Each structure stands twice: as C-alpha cells, then as structure tokens.
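Commentary on secondary and tertiary structure
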Amino acid sequence: MSPRRWLAASTLLLVVGVLAPVPPTATPAHADDTGGSAVTVAGVKMDGGEDFSDLRVTVNQTDALVNQAVVVTWDGGTPTPRNRPLGVDFLQVMQCYGDPHAKNDPDGLAFRETCQFGAKLDTPVMPFEVNAAAAANANSRELRVDSPGYPVKHPKETLPEDAKMVPFRPVSCAVGASSCERPRTPDGSTAHPFPVIADPQTGAQREAYADEVLSGYFNKSVTNEYPYALTAANRTGRISFEVQNSSLAPDLGCGDPYTDAQGVAQPSRPCWLVIVPRGHHHPYTGEDVSSTDAPQGSPLIVPNWQYRMVVPLKFEPVAGYCPSDRAERLTAGTELVAEAAVAWRPALCAAAGGPSISYSPIGDDEAARQLLSTSPNAPGLIYSSDPVPTTASDPPVVHAPVTLSGVVIALNIDVNLDDKPLPPKVAELRGTALSDLKLTPRLVAKLLTQSYKRDVPGGGGPALAKNYDSVKQDPEFIGLNPLFADWDRRASVTLNGLMAPNGSSVAARTLWQWILSDRSAKEWLGGAKDGEMVVNPAYRSLFGTAPDYFPKADRSCYEERVGGETYQLCSQELRPYTGGFGRGAAQTLRGDTGAYAQALNQNVTPPRFEKLPREQPGFRFTMSVTDSASAARYGLFTAKLCKAVQGADDSYTAADCRGATGEAISAAARTAGPSQVSGVSVIDPARAWSTTGAYPLSLLTYAVADRSEAATMRRDYAALLRHAADQGQRPGVARGMLPEGYVPLPTALRQQTAAVAALLEVDLPSPSPSSSAGQPASVPTRAPAVPTPGVPLPGAVPSAGAPPSPGGRAASPQPSVIQAGNATPGTPVGAIRYVLVVLFAIGLVGGVAGPVLRRIGSRNVPTGGAE
C-alpha cells in the first residue's frame, strides 16, 4: 500500500536495472485514476564484478508525492552478515534531482553531483564482530580509497586527480544555469580547495572536512539519505524512505516549478530515487573479500556508482494550487484531520471559483474557543473530535462528520536477536523490520508514566529500584511478544521512551480513557503492584479522571559537577515531547527521539549533554503515539492493542488483539453513541474495547462551522463539506482524495455532512422585534439555527447520553497549543531551564540553525512543526 494514501489500485511496472546510460525503458509508471503507482527495478551482473541479477527493488509509490515516506522493498539480495563489521552486501538509497538520461553524461557522473548524500550518518556497529574491515567512507562523498588495488583515479573519473570528494551541485546551480544563487561545493582539489575554518573543539584553523563543506546544504539533522539498508537472512529487505520536496530539501527543488529542456514551463520538477547495491567483491580485481575486507569507498565513486538503479519520482507541485487573488478561508483544529485537510485543498482550488481553504493544527478545545470568539480573525470552521456545545450568547454552529481515523502507537523496530543458535524461522528474522507488536493498556500505561528505570534521569532512585530497566525486560511484554525472549541483551538495544506530543487533545484523552477502562491498568496506576513493578510515584495521583494530555510528572534530574558548576539533565530532555502527531511519526521514521544522552560532554566549553544521534539502521527501536494517517504517511507499522491473559505460572499470552485496520475502525464507529450535542455521535473507547473486533482508539472528527459568518464564507465552507462528503471519502493518493490511514465515512454520516453543507448556505432569520417599546430585544448575539429535518440542532442535550468512560474528563493543565521546543540541557543550576512558548497565532513555526532555516514553509511540511 501507499505510505501516504489508501490506494484503490496500483500500477506495477517492471523496468530494467541500469548501468549508465539509463535505458529508455526506465520510465515513470503513470498513475491510475487514484494516483497510485509502483516501480520495480532489477539489478545487473558485471563481468569480473558483482552479480546483482537476482536483485529486485520495488518502490511502492512514485507519483503524487509530497513530504512523506515511500516503502522500498527488495528480494534476491545477499544477506547482510551480522557477525562482522558492516562492509558487504547492503543497499544505499538517496534522492537526486538531475538528469540520469543526459546524452552528454553517459556514465552519470554529473547526475551523481545532484544527489543528497554524504552527511556521514553513523555506521551501524555489529555486536558480534569477526576480524574483517568495514567499508571505509561508505557514508560519504569522499573520492580517495586508501586500500590495496584502488587506483588514485578511475579511468572514467572526470574530476581532477587531486579532488577529495564528489561535489554537490544545488538545483539553483544546475548544469546549464545562467547564474548560481547557491554555488556548487568545492571538490577539495587545488583548483577548488575546501575552505579553512576554526575547529569547533579547539578553535585552531584547519581545512574543513567534506561533511562540513556540505553542511550549508544538508547535514545529519535534515538529510534523508539511507546509507545502510540491510538485507535479512531470507534475502529480503524493507525500508521506509523519506522523500522530500523543496520545502524540506530546497537544494533538490523537487516539486518546484521549472523550465524543461524544451523551454516549456512545468509546474513540478521531477526527481529520482537512486539505489546503489553494495556487494562483496573487490571492484578492480573481482576477488571475493567478504571474509577479511570490503568493497571500499563512497557509492558515488565510479566502480560503485555503475551499479546504480534509478526510479523516477513525480512530486505534487509545492506551490500554485490556488490563485493568489482568491480569498483564503481559515480552518483550524485537531491534527487528526491534517492529512485529509491538506489533500483536499488543491482539489477545492482547482474547481472553477473554488475556495482556498487553509488549515492550521491546534488543540480541540482551543479550536472551539476560537470558533465561538468574536474575533474577526477567528476561523469560521474548525475541526474537533469533541462536539462544541453552545449557549444562547454564542454564535450558532453546525456539526458535520468529515473523517474517521484512530490514535495509534507507531513503531520502527529492527529485529535484533542474540548471537546464539535459534530455530531457522526465528533466525531468518534478523535485521527485518518488526511488523507485529502487541501492547496492553497496562504496558502503555507503564510507558507513558516513566515507570521503567531507563525513562527517568538517574534511574528513578529507591522508588523504582525493583522496576524493570526497560519494556523489553517486562514479562508481560515478552509474553505477548515472544521474539523478545531472544532479543539482544545489551542495555542500549531497547526503547528510548515512547514518544508523545505535548498539548491537550481529545486524542490524548481517548488513549487514557482506554487505559482506565482496563481494570488491571487502572489498579496498577492506583498503586497496585505488577509483580514487583509499581507506577512511578510522581503519576499516582493523576488518574482520578482521564487527562487530555501526556504528563511529564517526574521532575527528576541527573546531575554532574564540573569545575564547581552543577549540570543537569531532566525528564523533558531525557524523554522530550514531539511537536505533534506528524512530527512524531517523522521522528519515528528517522529513528530520532530528540533525546539527550545521560553523559556530560566535558570536551567542549562549557560542558553539555549531547543529543543522541539517529538510531542506526538494523538497530532501531523507536515508537511514538501518533494518528493512523500520520503513521501511514511515513510508512510505519502500528502496534496491536490486546488483552493479556495471565497463566497459573504468571506467564502472559495475548488475547483479543485489534489493529487499526479499516474493519476494526469501522466496527468502532458502529458503537458510537450520543453526545452532549443532539445528533452528534462520539465513539466511547470503553464501549469499543468491550465490542468484539472494534479498535478502541477510533475517533470521528467533525467540521464545526459558524452559521453567522458572511454568506460568501459560508458558501466556501459548504463547498469544503460537499467535497468531504463525496470525493473526499474516496481512498487514493490523487488530489482531493482520502489519504491512507483514514476509513471512508459510512453513508449515513456522509449524508449528514451533505445536509449540513446545504444548511450552511441558508441565511439566518432576522432577530425578533423588541418586546418592549424603547428597549432593545433580548436576543442572542447570533441568531439560533433553523431546524432542518435530519440535521441536529447545536446545543441541545440528549435525554440519555452514552455511558462515560471511567473517570470522565479531567481539566487539562496543559496548553492546547504545542510546545515549540525543549531547553538545551547542560546549563548550570540556577539558569532558567524551561520556557514554554505559547503561540496565539494559528499554527506553529519551528526550525533549527543551518540548512533547516531554508526548509521552512510549505503545505507539505509535516504537521506540528516537523522539518
């Protein structure tokens, strides 16, 4: 399936793997009417070199791309050895913008300069090594290979003999450009030397390293390159590769308007996914070096680059959806609707006279507050998974269901097993992506309450002394997931916290309501033991009612003293919040928790705690609370929610597991009951959990519109609702369709939305005349809604409501906007440690120094402030 949208169909095109030049058969697969496409490329065999003829690599979506993941799978590869340094039999994947078909570039050596690769991401460290060499510079653009049998310069190499790296050419300086806004990087030769810089550690002047030269264009924090994609024992592999348009990778320019070779203006620049397979033969002698050595060097050097496999990528235009002179209609609300809102906008604009609808993610409560405010800048339509009750003094509102989706726990986990004899069916899973993970309400409660010692700075002290270090040691977790009985036992090969977003939301409350509906989880949160494991005392008093946020209640800090100063690392630095569901899913894909290591770096001035690097491919263990649409966008697997059965021997097994499938979410929708607003149904997680086959974290999201807005605005909002009820419920990747991760609304709910759209275009009646001469009439500030058959009136309370989940709803001490960021740890005690920046403007903007500053600002940026 598409990593971003539900695919009604997929076109699979098999094309031939390439040597240079790229054969004319390597053309894009054209999207069908849903916008779906897939491409497969085949490897080749070279006389005296590598034999990749059995290798088939498939990219599941190559059209209608935005900032998202595509799923890259392969079979026929040689398994990556796990008992030696990483150097043989893996794939390298990167995104490029140039022309792989250029007749004047038959070996693709100019094309390679357009690839985003070489940030020197960390090399996976194999735990059970034999005496063999790693592949030097495999994660770089460096040209020199200091190894026997490698010449100083390959005969086909076009760069100077003393060049040190393959330069990067940004799109603004593409071949043939009349001028360069941003220049091609130097190659390190005498003619184009690297700059001299001050060493960040010592301050001494020295020549810049290759990755430092590239850092003005891309670096470890922003690159999407995948230098080490490992093949499992069964000769298959799978990665989710993050494709980036120009909002995230401006120097690639994918999706930007451009002028083609014929001088014709085009709305969206195409790009390419390049896969370079690495084998186990010396590229010059043909010798099998797998036992002692490795094929050395960057994938960009000629003997490695010749095996490249090229897949076309077609991006949605980054800009130009809506005419600039068209009035923009504001919408805001829950991030659960973000993917759909972004997908629908261009289709609405494309219609003759169609509306331009903006969207900004904010909390449900804040969205309702803005809708009911009298501010002229407030949105006239918001999205919320909570009904919006009104009083006589509020403007009249109407509710229309628009999306059906779920809260999920997304995972990016590579199977890491002990180096011991294992059954063949288990052993062949080494290095594969874990697709099946089971969790119970109590396990999720443990993860969200910092009750594993690893999730508390300093380990939690005496209160948590008998608790498990991490979830992989918990007997309940192992019982539900038996593969973890054979997991790598090193303490570092585990989960660095379950990531969750800041801010209040109905989604967070729903998760806690589900947890509290489970007796064993509720009792454990209240102080009961699970074996010897107890809830972190900082959380024990928080669950009389279900919170609508994810608290970080433990205020512990880890301390180190240096030079008379005390440096601290506290909970929100060890286990930081994400910037929203979209941001959390993107971080999960990247293996980047944003956490800081619990070790003070004293080699810098002043000392500081360093941010953990991305987790290495083959050794990732990352999980986050997100939504089903964001998980689908980034190609992530999601956990199944189960009930645990405890045996007489205190062992655990899983029962009644539910995943966030279309069938399970639809089953939950059928359990929806009345709310405090007449005619508006909500899904109670406790009721869904007690219903066979229903996914308990399913949520209906409503568009709630103000009927007192101007007629032109109401007409545009009505167009949005009609689209949401019709084409917007058709699964697909094309503009205007329903993205993957959502479930189409039942017919009755779609009809309700269409009816609300019609009602929204009906003018309100005039206020009633004054009842007393000389005195104004006593009327609401906005006139009440007009009754329409089949459409609920807002504000009316039903005579019988749905049974509330345990604990009801707690008032949130959290802001309903997302925290902009966490303080950098390592400042001395006494400094201001946390600053909560509350943005009252709709939406959030965030960024970090360097190239990220150039990557801000697009409808395709992940919601919640992701890069």
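See the structure printed just above.
Here's what I pulled together on the structure shown here. (Residues numbered from 1 in each chain as written. Predicted model: local features only at pLDDT ≥ 70, side-chain atom pairs only at ≥ 80, totals over all residues. Heavy atoms only, no water.)

A short note on the overall build of the protein chain
Keep this limit in mind: Numbering of helices and strands runs from the N terminus, with a helix taken as a DSSP run of H or I at least four residues long and a strand as a DSSP run of E at least two residues long. Relative accessible area decides the class of each residue, using a 1.4 Å probe on protein chains only: under 20% of the type maximum gives buried, over 50% gives exposed, and in between gives partly exposed. Shrake-Rupley sampling with a 1.4 Å probe provides the accessible areas, and residues are treated as covered by the protein chains on show and by no other component.
Helix and strand counts for the protein chain come out as 16 helices and 33 strands. Counting every position in the protein chain, which comprises 867 residues, the buried fraction comes to 57%. Roughly 32,900 Å² of accessible area belongs to the protein chain as shown, and the carbon and sulfur atoms make up 54% of that amount.

Considerations on the state of the cysteines
This is how the line gets drawn: Here, two cysteine sulfur atoms that lie within 2.5 Å of each other are counted as a disulfide.
The final tally for this structure, using the stated rule, is 6 disulfides. A sulfur-sulfur separation of 1.9 Å characterises the disulfide bridge that pairs Cys173 with Cys180. Disulfide Cys173-Cys180: the torsion about the S-S bond is 60°, which places it as right-handed. By relative accessible area, which is 6% here, Cys173 ends up buried. You can call Cys180 partly exposed: its relative accessible area is 39%. Numbered by position along the chain, the disulfide-linked cysteines of the protein chain connect as 1-2, 3-4, 5-6, 7-8, 9-10, 11-12.

Overview of the packing of helix H6 (residues 441-448) against helix H8 (residues 506-516)
Applied cut-off: Each axis is a line fitted through C-alpha atoms, and for a helix only the stretch in contact is used; angles between axes span 0 to 180 degrees, taken between their N-to-C directions. Note on terminology: angles under 35 degrees are roughly parallel, angles over 145 are roughly antiparallel, angles of 65 to 115 are roughly perpendicular, and the others are oblique. When the near helix sits turned anticlockwise from the far one by under a right angle, the crossing is termed left-handed; a clockwise turn instead gives a right-handed crossing. The contact criterion used is simple: two residues touch if any of their non-hydrogen atoms lie within 4.5 Å. Residue polarity follows a fixed list, in which Ala, Val, Leu, Ile, Met, Phe, Trp, Tyr, Cys and Pro are nonpolar, Asp, Glu, Lys and Arg are charged, and the others, Gly among them, are polar.
Where H6 contacts H8, the two axes come as close as 9 Å, and the packing angle between them is 125°. The angle between H6 and H8 falls in the class oblique. The chirality of how H6 crosses H8 is left-handed. In contact with Pro441, Val444, Ala445 and Leu448 of H6, H8 contributes Leu511, Trp512, Trp514 and Ile515. In the contact of H6 with H8, the residues fall into 8 nonpolar, no polar and no charged.

Focus on the pairing of strand S29 (residues 640-646)
Stated precisely, the cut-off is as follows: At least two DSSP bridges between two strands are required for those strands to pair.
Where strand S21 (residues 438-439) lies against S29, 2 bridges are found, and the strand directions are parallel. Of the residues in S29, the one forming a bridge with Lys438 is Lys640. Here S29 pairs with strand S30 (residues 652-658) via 5 bridges, running antiparallel. Residue pairing in the sheet places Ala644 in a bridge with Ala654 of S30. Counting the residues in the hairpin turn of S29 and S30 gives 5 residues, including Asp650, whose phi is positive at 65°.

Describing the pattern of salt bridges
Test applied: Salt bridges, as used here, are contacts in which a Lys or Arg side-chain nitrogen is within 4 Å of a carboxyl oxygen on Asp or Glu.
Using the criterion set out here, one finds 39 salt bridges in the structure. The salt bridge partner of Asp386 is Arg509, with a shortest N-O separation of 2.9 Å. Here Asp386 is found in the loop between strand S19 (381-384) and strand S20 (397-413), whereas its partner Arg509 is found in helix H8, with 123 residues between them in sequence. Owing to a relative accessible area of 10%, Asp386 belongs among the buried residues under this scheme. The class of Arg509 is buried, set by a relative accessible area of 9%. The shortest N-O distance in the salt bridge between Asp436 and Lys438 comes to 3.1 Å. Salt bridges sharing partners connect three or more residues here, namely Arg442, Lys446, Asp474, Glu476 and Asp530.

What about the pairing of strand S5 (residues 90-96)?
Across the 7 residues of S5, 7 count as buried, placing the element largely inside the fold. The alternating pattern of S5 places Phe90, Gln92, Met94 and Cys96 and Leu91, Val93 and Gln95 on opposite faces, both of which are buried. Strand direction decides the pairing type here: S5 and strand S9 (residues 226-230), joined by 3 bridges, are antiparallel. Looking at S9, one finds that Phe90 is bridged to Leu230. Sheet analysis places S5 next to strand S13 (residues 271-278), joined by 7 bridges and oriented antiparallel. Its bridge partner lying in S13, Cys96 is registered against Trp272. As judged from the 2 bridges shared by S5 and strand S6 (residues 115-116), these two strands associate in the antiparallel manner. Residue pairing for S6: Gln95 is matched across the bridge by Gln116.

A closer look at the packing of aromatic side chains
The geometry of an aromatic ring pair is captured by the separation of the ring centres together with the interplanar angle, meaning the angle of the planes. Filter applied, for reference: When two rings of Phe, Tyr or Trp (its six-membered ring) have centres within 6.5 Å they constitute a pair, described as stacked for plane angles under 30 degrees, edge-to-face for angles over 60, and tilted for the intermediate range. Criterion for a charge above a ring: Arg CZ or Lys NZ at most 6 Å from the ring centre, at most 35 degrees from the ring normal.
This model, assessed by the stated rule, comprises 15 aromatic pairs. Ring geometry for Tyr150 and Tyr284: centres 5.6 Å apart, planes at 80°, overall edge-to-face. Taken as a pair, Tyr150 in the loop between S6 and strand S7 (196-198) and Tyr284 in the loop between S13 and helix H2 (302-305) lie far apart in primary sequence, 134 residues in all. Residue classification places Tyr284 among the partly exposed residues on the basis of a relative accessible area of 31%. Ring centres of Trp487 and Phe621 lie 6.1 Å apart, and the angle between their planes is 70°; on these two criteria the pair is classed as edge-to-face. Here Trp487, found in the loop between helix H7 (475-480) and strand S22 (498-499), pairs with Phe621, found in strand S27 (residues 621-627); they are 134 residues apart in sequence, far enough to count as distant. Here Trp487 matches Phe621 in class, with each residue buried. In textbook terms, an aromatic cluster arises when at least three aromatic residues are bridged by ring pairs, as seen for Phe477, Phe484, Trp487 and Phe621. Cation over ring: Lys552 sits above Tyr577, and NZ or CZ is 5.2 Å from the ring centre.

Considering the nonpolar core
Operational definition: In this text, buried Ala, Val, Leu, Ile, Met, Phe, Trp, Tyr and Cys residues form a nonpolar core when linked through side-chain atoms within 4.5 Å.
Among the nonpolar cores identified, the biggest contains 93 residues, and Leu437, Leu448, Ile515 and Met623 are the most heavily contacted of them. Dropping the residues within four chain positions of it, Ile515 is found in contact with Pro441, Val444, Ala445, Leu448, Ala521, Lys522 and Leu525. Core analysis: the second largest hydrophobic core is formed by 44 residues, Leu55, Leu91, Ala119 and Leu214 among them.

Description of helix H11 (residues 581-590)
Of all 10 residues making up H11, 9 are buried, and the element is well covered by its neighbours. For H11, the full list of buried residues reads Phe581, Gly582, Gly584, Ala585, Ala586, Gln587, Thr588, Leu589 and Arg590. One or two residues past the end of H11 sits Gly591, with phi positive at roughly 65°.

Describing the side chain of Thr114
Using the following cut-off: Each polar contact in these results corresponds to two N or O atoms within 3.5 Å; when the atoms are within protein, one needs to be able to donate a hydrogen and the other to accept it, and residues that are neighboring in sequence are counted only if both atoms are side-chain atoms.
Mapped onto the elements of the fold, Thr114 is located in the loop between S5 and S6. Reaching out from Thr114, the side chain makes a polar contact with the backbone nitrogen of Gly98 at a distance of 2.9 Å. Beyond its immediate chain neighbours, meaning those up to four positions away, Thr114 contacts Gln95, Cys96, Tyr97, Gly98, Phe168, Arg169 and Leu252.

Details of the environment of Pro267
Here Pro267 is to be found in the loop between strand S12 (265-266) and S13. For Pro267 and Gly255, which are 12 residues apart along the polypeptide, the C-alpha to C-alpha distance reads 7.5 Å. Once residues lying within four places of it in the same chain are set aside, the contact partners of Pro267 are Gly255, Asp256, Pro257 and Pro317.

What about the sheet that holds S21?
Spatially, S21-S29-S30 is the arrangement adopted by the 3 strands of the open sheet, whose pairing is mixed. Edge strands, defined here as strands with exactly one partner in the open sheet, are S21 and S30.

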